[in-house]
Amino acid sequence: MAGLCDIYLAVPRGFCAGVKRAISLVEKALEDYGAPVYVRHEIVHNRHVVENLRQRGVVFIEDFDEIKDDSRPVILSAHGVPKAVETEAARRKLTVIDATCPLVAKVHRQIRKLAEEGREIVVIGKKEHPEIIGTVGQVDCQDRVHIINSVNEALTLNLPSGCKAGVVTQTTLAVDDAEYITACLRRKFNELAEQKGSDICYATTFRQKAVREIAAKAEGVIVIGSKNSSNSKHLQQTALQNGAAKAWLIDDADELPWPELENLNSLGISAGASAPEYLVDEVIAELKKHYKNLKIHDIIVAEENLSLIHI
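Figured I'd write up the structure that's included with this text. (Residues numbered from 1 in each chain as written. Predicted model: local features only at pLDDT ≥ 70, side-chain atom pairs only at ≥ 80, totals over all residues. Heavy atoms only, no water.)

Here the focus is the sheet that holds strand β4 (residues 73-76). On the basis of which strands lie adjacent, the open sheet formed by four strands has the order β3-β2-β4-β5 and parallel pairing. The open sheet terminates on both sides in strands that have one partner only, identified here as β3 (58-61) and β5 (95-98). Each strand axis lies, on average, 30° off the axis of its neighbour in the sheet, ignoring direction. Sheet analysis places strand β2 (residues 37-40) next to β4, joined by three bridges and oriented parallel. Residue pairing in the sheet places R40 in a bridge with L76 of β4. (Pairing = 2+ DSSP bridges. Helix = DSSP H or I, 4+ residues; strand = E, 2+ residues; numbered from the N terminus. Axes fitted to C-alpha atoms, helices over the stretch in contact; angles between N-to-C directions.)

And the structure:
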């Protein structure tokens, strides 16, 4: 093959601090307790990470009834869980290790605060996503919780006349989309309670910013991440909205879209927050086998500080 000359690598990309923390908690549990270790839901949304841990003795479950030995530790995924799950774990006297991302836990605290204030609560996010299920499950006043995921849903949202409203957001949404929806809510409700600073996590923000930069330079963009990863899908969307003619979401080098790469001179590469860096290395190595004299350019938009998650 010939043609592809320049690779633009998004920096930062791949594992965020919350994902690193969650995976390290699972690995520590394996070290301390031995296999099997149970994890409720996928610890993070990445097929390679999940399969690697499964091979090492991690058993992924969706319900505590799947546990065969209550003496074994149970790890709660980075996405967070409803209060009812924690209550059930305590009732069964399970050894629980909470891997909830600290930034998700921050949203949990905010929605509980809004509930205590008696507000109507608007949750921006995907109704079936485990993070949203965990966030909404923090409060008992389900009749005052309204999940929306578009400007149109914000415009048509009907709340009691004269009510006070508050908003929280899924941490892995597209930054621009979340802001458009929130801006609509601000116009609609005079006293909209919001968290100081965006609910969108810094890693999501930085990765989307980096993809915007590489999409402006490259004809196509590859995002490495699993299909059930919300933040990875939003990186693909961000690329298409910011100049890339094509954008692909792939799990690994085996899914490289060779026929579609043939006519490209430049390619951007990023990875979702739950994708390990070795997958990026493998993709680049495979590209180098097919295209000689590739030039690799790092496009750096931010230096991440792991302490940012300790809030």
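Before going further, it helps to examine the nonpolar core. Of all hydrophobic cores here, the largest spans 28 residues; its most connected members are I43 and I75. Within the residue set of this core, elements represented by two or more residues are α1 (17-33), β2, α2 (47-55), β3, α4 (102-116) and α8 (202-217). Among the elements that take part in this core, α1 stands out by supplying seven residues, more than any other. Formed by 23 residues, the second largest nonpolar core is a distinct cluster that contains L4, L9, A253 and V280. (Core = buried A, V, L, I, M, F, W, Y, C linked by side-chain atoms within 4.5 Å. Buried < 20%, exposed > 50% of the residue type's maximum accessible area, 1.4 Å probe, protein only.)

This next bit is on the packing of aromatic side chains. Here the structure, examined in full by the defined rule, presents two aromatic pairs. Measuring from centroid to centroid gives 5.9 Å for Y202 and F206, while their planes differ by 70°, and the two rings are edge-to-face. Of this pair, Y202 and F206 both sit in helix α8, four residues apart, which is roughly one turn of the helix. (Phe/Tyr/Trp six-rings, centres within 6.5 Å; stacked < 30°, edge-to-face > 60°.)

Our next topic: the pairing of strand β7 (residues 145-148). With four bridges connecting them, strand β6 (residues 120-124) and β7 associate as parallel partners. Each residue of the ladder has a partner; that of V122, found in β7, is H146. Assessed by its sense of winding, the connection that carries the chain from β6 through helix α5 (residues 130-136) to β7 is right-handed. (Right-handed = clockwise from strand over helix to strand, strands pointing away.)

Moving on, we come to the environment of R112. Its place among the elements puts R112 in helix α4. Measuring from C-alpha to C-alpha, the distance between R112 and R47 comes to 32 Å, with 65 residues separating the pair along the chain. Setting aside its immediate chain neighbours within four residues, R112 contacts Q138 and V139. (Contact = heavy atoms within 4.5 Å.)

Keep in mind these values describe shape, not function.
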